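# Breakdown of the fold
Next come the chains, spelled out residue by residue.
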Amino acid sequence: MLVKKNLAYQLIRILFLFSIVFPFLVLILLSFSERYTWPGILPGNYSLRAIRSILFQRKALFLNCLFSIFFSVMVSLCTIMAAYCTAKWQSEHKESSLLSFCIFLPFMIPSSVFAMGAQILFLRLPFKNAYLSVFLSHVLYSLPYATSYLTEGMRNNIKRLEEQGRVFGASGFYLLFKVTIPLLFPYLIPAFMMSFILSMSQYILTVLLGGGKLKTLSLIMVPFIQSGERNLASVYGLLFLLSSFLLFLLMEMLIRGLKRREKVC
Amino acid sequence: MLKIENLNVYLEGSSIVKNCSLEIQKGEIFSLLGVSGCGKSTLIKAVLGLIPSSSGRVFLNGRDLTELPPEKRDCTVVFQDLRLFPHLTVGENIAFPLHFQKKNKTEERKIVEELLSLVSLEGFSRRTIESLSGGQKQRVAIARALAQNAELLLLDEPFSSLDPNLRKEMGELLLHLREKRGLSVLLVTHDHEEALRLSDRIALMKEGEVLQCGRGEELFYAPKTVYAAKFMGEANFILGRVERGEFKMPFFPIPNDDHSCTAQSLVVADKPDGEYYLFLRERQLKFQKASGALQKSDALQKSDAEEMHFPEEAIDSREKVQAYSSASLFYPISSQCIGDSWRVFWENENGLVLHNLSDRPEDLEQVPYRMVLQAEKGVILFSKEEVLED
């Protein structure tokens, strides 16, 4: 029975890994292919055209990547702060079902409907700034995901430990940075990364509310998918993945560095 | 030192603490005793400022704390769940309150080592919290609270999750710290034995109100209510009657030297006539082997019997005398070990069961015994209605 369970577990693990690795392999193959048609398992012919054309405009591309990452990091930070306030309010008062419903609305409605509603709302607001509108809409869209992580984190006795900290004389930022954030860290990181991924991959909100002014990686990539230039789209897809991996790597190095510093202290 | 005046606390529309007034002196261990849910922890949190009070004041050394936030109240606390910071080491946990005392790193390290030594945890500074046992965590929590150097230490049932030996050890540590540092302590507990063992004074709470406040012996031997009497430990309640300033228990005639018997009577000047229960702790009741005279129903004089007032079940006074004479004889029926001594149960012919403490129950024989009262501190009576209500 145990042997059967282990075999089943191993099989599921292999299938899962395959489901992640296989599309990645296909992306790489597509990036180097000129013709890749059904029913061929491998591309018909290979070429570096797609990579060359991207490298040709590498300066602009680099700037666009940098802007996308920076924009999404800012969105994530803002989302985390809003999610923290929401989760804290919910933990200190009885979890309001109305508030939860409102926060999780973006989960429930289609993103195109959300985008149209957001556009109408931002058109009515006094500030008419494309960057701000896109920024706020990304935050609103990522908020339910981040809030769900932090609400879970708040259930782990954060309030009680904060109370203990306050009795000892801690308050304000000292309490936040010495007690709350370290305790919430295991939940802050996935909340941050989730918000980042959502913001980076946002297309409809960015194109509708930005009016084409914001050149994010998604905006550059999607037209190639629609036009059938799969090799170019794949290269941009790999770039997208690479930028996300880089950020993950940076976060990992930061966390390890902090842990090492704590051990030394 | 700490003065609480008419404090009221409401939570979610319910009154949790009702008009509470207490005073704690410097250097004393003061217990808040009561069942779970009676408002003890809420009172502590209101003193700390973690829960707002709806009315009343809290003073510490003359300073009004009522409107101050928790971080400015100069009180320290060990909660029941200890609330050690899991992301910090033992040393960092203890050093946490020291940050606000503007000490440099060297001084902090020195104080941490001193406190660890005080709680017998030398060398534990770099250990993580999850690697500690329950007792060690308790000690770290106490050391951390002491690091704050506050005027008042509040303990909210800090020993309730420990085994009995460890609880005793922690209690001794607390007494040792009180002697060494002159600590003033407000201890919240539901364990009356712990309160009696550790405290200078106790306040018994019920449903948000303080029922009685005083030294342990007062609450134990002279409780003001039946609830307090029952809460503070095992007790005997013996039904009798007050008439003209004398309480008599007609079931227990006491033999005189001339083989006559008179009803046991106790002087109680302040009680109106009526039926009352005599309250006795186990230590106030002894049983001696009955003399030969009392075993004979003829020994009781009829005139004495007529002075007594008997329940109506008996037929005539002679029979009553015979009945009550034998009813005053008790036999040991069982015993129960309670730590260092034994609780012995005694029963008379009428089925009344009393209990007292004995060191050697094996020496008791199956012969008649009679009850001997040792209520040196005065008679405590509760009305029949009071006892039956509770």
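Residues numbered from 1 in each chain as written. Chains lettered and ligands numbered in written order. Predicted model: local features only at pLDDT ≥ 70, side-chain atom pairs only at ≥ 80, totals over all residues. Heavy atoms only, no water.

On to the overall build of chain B, then. The number of helices and strands found in chain B is 12 helices and 20 strands. Counting across all 390 residues of chain B, residues that qualify as buried make up 51%. Across chain B, contacts joining residues at least 24 apart in sequence account for 66% of those joining residues at least 6 apart. Taken as a whole, chain B presents about 18,500 Å² of accessible surface, with 45% of it coming from carbon and sulfur. (Helix = DSSP H or I, 4+ residues; strand = E, 2+ residues; numbered from the N terminus. Buried < 20%, exposed > 50% of the residue type's maximum accessible area, 1.4 Å probe, protein only. Contact = heavy atoms within 4.5 Å. Areas by Shrake-Rupley, 256 points an atom, 1.4 Å probe, with all protein chains shown as cover.)

This brings us to the interface of chain B and chain A. Interfaces are often described in size by the accessible area the parts lose on coming together. Contacts between chain B and chain A engage 25 residues on the former and 18 residues on the latter. With both chains or domains summed, chain B and chain A bury close to 2,000 Å², and 61% of this area falls on carbon and sulfur atoms. It is E71, R83 and H87 of chain B in chain B that bury the most area against chain A; as a group they hold 29% of the surface buried on that side. Summed over the shared surface of chain B and chain A, the result is three salt bridges. Our count for the chain B to chain A interface comes out at seven residue pairs in polar contact (both at pLDDT 80 or more). Contributing elements (two or more residues each) for the side of chain B that touches chain A: strand 6 (75-78) and helix 4 (134-147) of chain B. Here the element with the most residues in the side of chain B that touches chain A is strand 6 of chain B; it accounts for three residues. Split into classes, the residues belonging to the side of chain B that touches chain A amount to 15 nonpolar, four polar and six charged. (Buried area = accessible area lost by both parts, 1.4 Å probe. Salt bridge = Lys/Arg side-chain N within 4 Å of Asp/Glu carboxyl O. Polar contact = N/O pair within 3.5 Å; in protein donor to acceptor, adjacent residues only side chain to side chain. Nonpolar A, V, L, I, M, F, W, Y, C, P; charged D, E, K, R; others polar.)

Here we take up the pairing of strand 16 (residues 329-338) of chain B. All names here are of chain B. As paired strands, strand 16 and strand 19 (residues 369-373) are joined by two bridges and run antiparallel to one another. If you follow L329 over to strand 19, its bridge partner there is R370. In this structure, strand 16 lies alongside strand 17 (residues 341-348), joined through eight bridges in antiparallel fashion. Its bridge partner being in strand 17, S335 is matched across the sheet by V344. (Pairing = 2+ DSSP bridges.)

What follows covers a positive patch on the surface. A contiguous patch of positive charge, built from K178 of chain A together with K105, R109 and R126 of chain B, is present on the exposed surface. Tracing the chain through its elements places K105 of chain B in helix 3 (residues 105-118). (Patch = residues over 30% accessible without salt bridge, like charges linked within 9 Å, V, L, I, M, F, W, Y side chains within 5 Å. Lys, Arg positive; Asp, Glu negative; His and termini not counted. Charge placed at Lys NZ, Arg CZ, Asp CG, Glu CD.)

Further remarks concern the sheet that holds strand 15 (residues 285-289) of chain B. All names here are of chain B. As summarised here, the arrangement of the five strands in space is 15-19-16-17-18, forming an open sheet in which the pairing is antiparallel. For this open sheet the edge positions go to strand 15 and strand 18 (353-358), each flanked by a neighbour on one side alone. For this sheet the average axis-to-axis angle between neighbouring strands, irrespective of direction, equals 40°. (Axes fitted to C-alpha atoms, helices over the stretch in contact; angles between N-to-C directions.)

According to UniProt, the feature "transmembrane region" (unreviewed entry) maps to residues 12-32, 61-86, 98-123, 129-146, 167-185 and 232-251 of chain A in the numbering used here. Along residues 167-185 of chain A one finds 79% helix and 0% strand; the C-alpha atoms at either end are 23 Å apart. (UniProt positions renumbered as here; feature names shortened; annotations may be inferred.)

Turning our eyes to something else, we now look at the pattern of salt bridges. Residue and element names in this part refer to chain A. Overall, the coordinates contain 20 salt bridges over all chains when judged by the stated rule. Residues E162 and K88 are paired through a salt bridge, measuring 2.6 Å at the closest nitrogen-oxygen approach. Residue E162 is located in helix 8 (residues 158-167), and its partner K88 is located in helix 3 (residues 58-92); the two are separated by 74 residues in the primary sequence. The partner of E252 in a salt bridge is R256, and the shortest N-O contact between them spans 3.2 Å. A residue pair is termed a helical-turn pair when its members lie 3 or 4 positions apart in one helix, as E252 and R256 do in helix 12 (residues 230-264) at four residues. The exposure class of E252 is partly exposed, given its relative accessible area of 37%.

This brings us to the packing of aromatic side chains. As enumerated under the stated definition, the model contains 19 aromatic pairs over all chains in all. Considering the side-chain rings of F71 of chain A and F135 of chain A, the 5.9 Å spacing of their centres and the 85° angle between planes classify their relative orientation as edge-to-face. Highlighted residues: F71 of chain A in helix 3 and F135 of chain A in helix 7 (residues 130-154), separated in sequence by 64 residues. Accessibility assignment for this pair places F71 of chain A and F135 of chain A in one class, buried. Ring centres 6.3 Å apart and planes at 45° place the aromatic pair F237 of chain B and F382 of chain B in the tilted group. (Phe/Tyr/Trp six-rings, centres within 6.5 Å; stacked < 30°, edge-to-face > 60°.)

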